[in-house]
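# Architecture at a glance
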Amino acid sequence: MATDAVTGSAETTSTLTDVVDSRGIPFLAAAAAFFVGSGILTRSGQPGASTPVPWVASHAVWVVATALVAFGTVRLVRGVPALRTGTAGYVASGLFGLGVLHALQWTSWAYVDVFAYQQGSHELLSPPVLHPFGTAHMLAFAILVGSGVATLGWALARTDHAGRVLPWLGVAVGALTVLAGTVALLTFADVRTPASLAAIVLQAASFAWLGLVGVALARDRMVASPEDAV
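Residues numbered from 1 in each chain as written. Predicted model: local features only at pLDDT ≥ 70, side-chain atom pairs only at ≥ 80, totals over all residues. Heavy atoms only, no water.

## Concerning the packing of aromatic side chains
The relative placement of two aromatic rings is captured by the distance of their centres and the angle of their planes. Inspection of the entire model under this criterion finds 8 aromatic pairs. Grouped by ring-pair contacts, the aromatic residues Phe34, Phe35, Trp62, Trp106, Phe141 and Phe207 constitute a single cluster. (Phe/Tyr/Trp six-rings, centres within 6.5 Å; stacked < 30°, edge-to-face > 60°.)

## Digging into the nonpolar core
Judged by nonpolar contacts, the single largest core of 51 residues is most densely connected at Leu76, Phe96, Leu152, Phe207, Trp209 and Leu210. Those elements giving two or more residues to this core turn out to be α2 (25-41), α3 (52-79), α4 (88-118), α5 (122-156), α6 (165-186) and α7 (194-220). (Core = buried A, V, L, I, M, F, W, Y, C linked by side-chain atoms within 4.5 Å. Buried < 20%, exposed > 50% of the residue type's maximum accessible area, 1.4 Å probe, protein only. Helix = DSSP H or I, 4+ residues; strand = E, 2+ residues; numbered from the N terminus.)

## A word on the packing of α3 against α4
Closest axis-to-axis distance for the α3/α4 pair is 8 Å, and the angle between their directions is 170°. Classified by the interaxial angle, the pair formed by α3 and α4 is roughly antiparallel. Classifying every residue of the contact of α3 with α4 gives 22 nonpolar, 9 polar and 1 charged. (Axes fitted to C-alpha atoms, helices over the stretch in contact; angles between N-to-C directions. Parallel < 35°, antiparallel > 145°, perpendicular 65-115°, else oblique. Nonpolar A, V, L, I, M, F, W, Y, C, P; charged D, E, K, R; others polar.)

## Digging into the layout of surface pockets
Counted as a void, the largest pocket has a volume near 810 Å³. Lining of the largest pocket is provided by 27 residues; of these, Leu41, Trp55, Trp109, Val191 and Ile200 occupy positions nearest its centre. Secondary-structure elements contributing two or more residues to the lining of the largest pocket are α2, α3, α4, α5 and α7. It is α5 that contributes the most residues to the lining of the largest pocket, 7 residues altogether. Its residues placed into classes, the lining of the largest pocket shows 12 nonpolar, 13 polar and 2 charged. (1 Å grid on protein atoms, 1.4 Å probe; cavity = no way out; pocket = protein on both sides within 12 Å on 5 of 7 lines; lining within 4 Å. Points joined across faces, edges and corners; volume = space filled by probe spheres on them.)

## What to know about the confidence of the model for the protein
Residues with a pLDDT of 70 or more make up 87% of the protein, whose mean pLDDT is 88. In this model residues 1-21 is a low-confidence stretch, pLDDT under 50, and it forms 7 contacts with partners more than four residues away in sequence or in other chains. Counting contacts from residues 222-230, a segment whose pLDDT is below 50, to residues more than four positions away or on other chains yields 14 contacts. (pLDDT = per-residue confidence, 0-100. Contact = heavy atoms within 4.5 Å.)

## Focus on the side chain of Ser44
Take Ser44: it is sitting in the loop between α2 and α3. When its relative accessible area of 16% is taken as the criterion, Ser44 is described as buried. The contact partners of Ser44, leaving out residues within four places of it in the chain, are Thr51, Pro54 and Trp55.

This is how it looks when you write it as structure tokens:
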């Protein structure tokens, strides 16, 4: 009985280690960070620049979320040989990498927005410059993230690590996110118009999908060969 207890404890420890070391953890952390950032954003005033800390912090947390996705995608491509047989995995890595850069620019815009408010020029600059520029950042971010999600879904469809339905769901969600962001940009849609609101909702859906990918990969507990391990 003592031997069974020790064996059971070792198996539990091994399982927990597999989950913690899973390639799904960055995707789970990214989804959590994105929704934490969105929660912080709800604490902003009107206009957002009137409350500098949540306004800038929310955008900064989205940078972290996107960086986690980029890291997770690179790690996944390196660790799964099937993802290295085509270009989809590499393209997804590049798109999320661009997403990190764009999220940094979006955070810089939030800083400029706060600075304009503190200088008393926000009311003058917001309608013609700051507000549309911020909206354009959001839409461009939606296009990059949606493209990355669609491409990552396409890449995962070549493997058996995320099931059969989840990868194609990512392709659909990502494509719709790109479509909404593109339509909103090309029609000069304001942030409260249907196209822009659709892009916002679909961004959230994209990160929710990434969280589901994290769960699928964690449950799969993939075992990489020594030369493929990160």
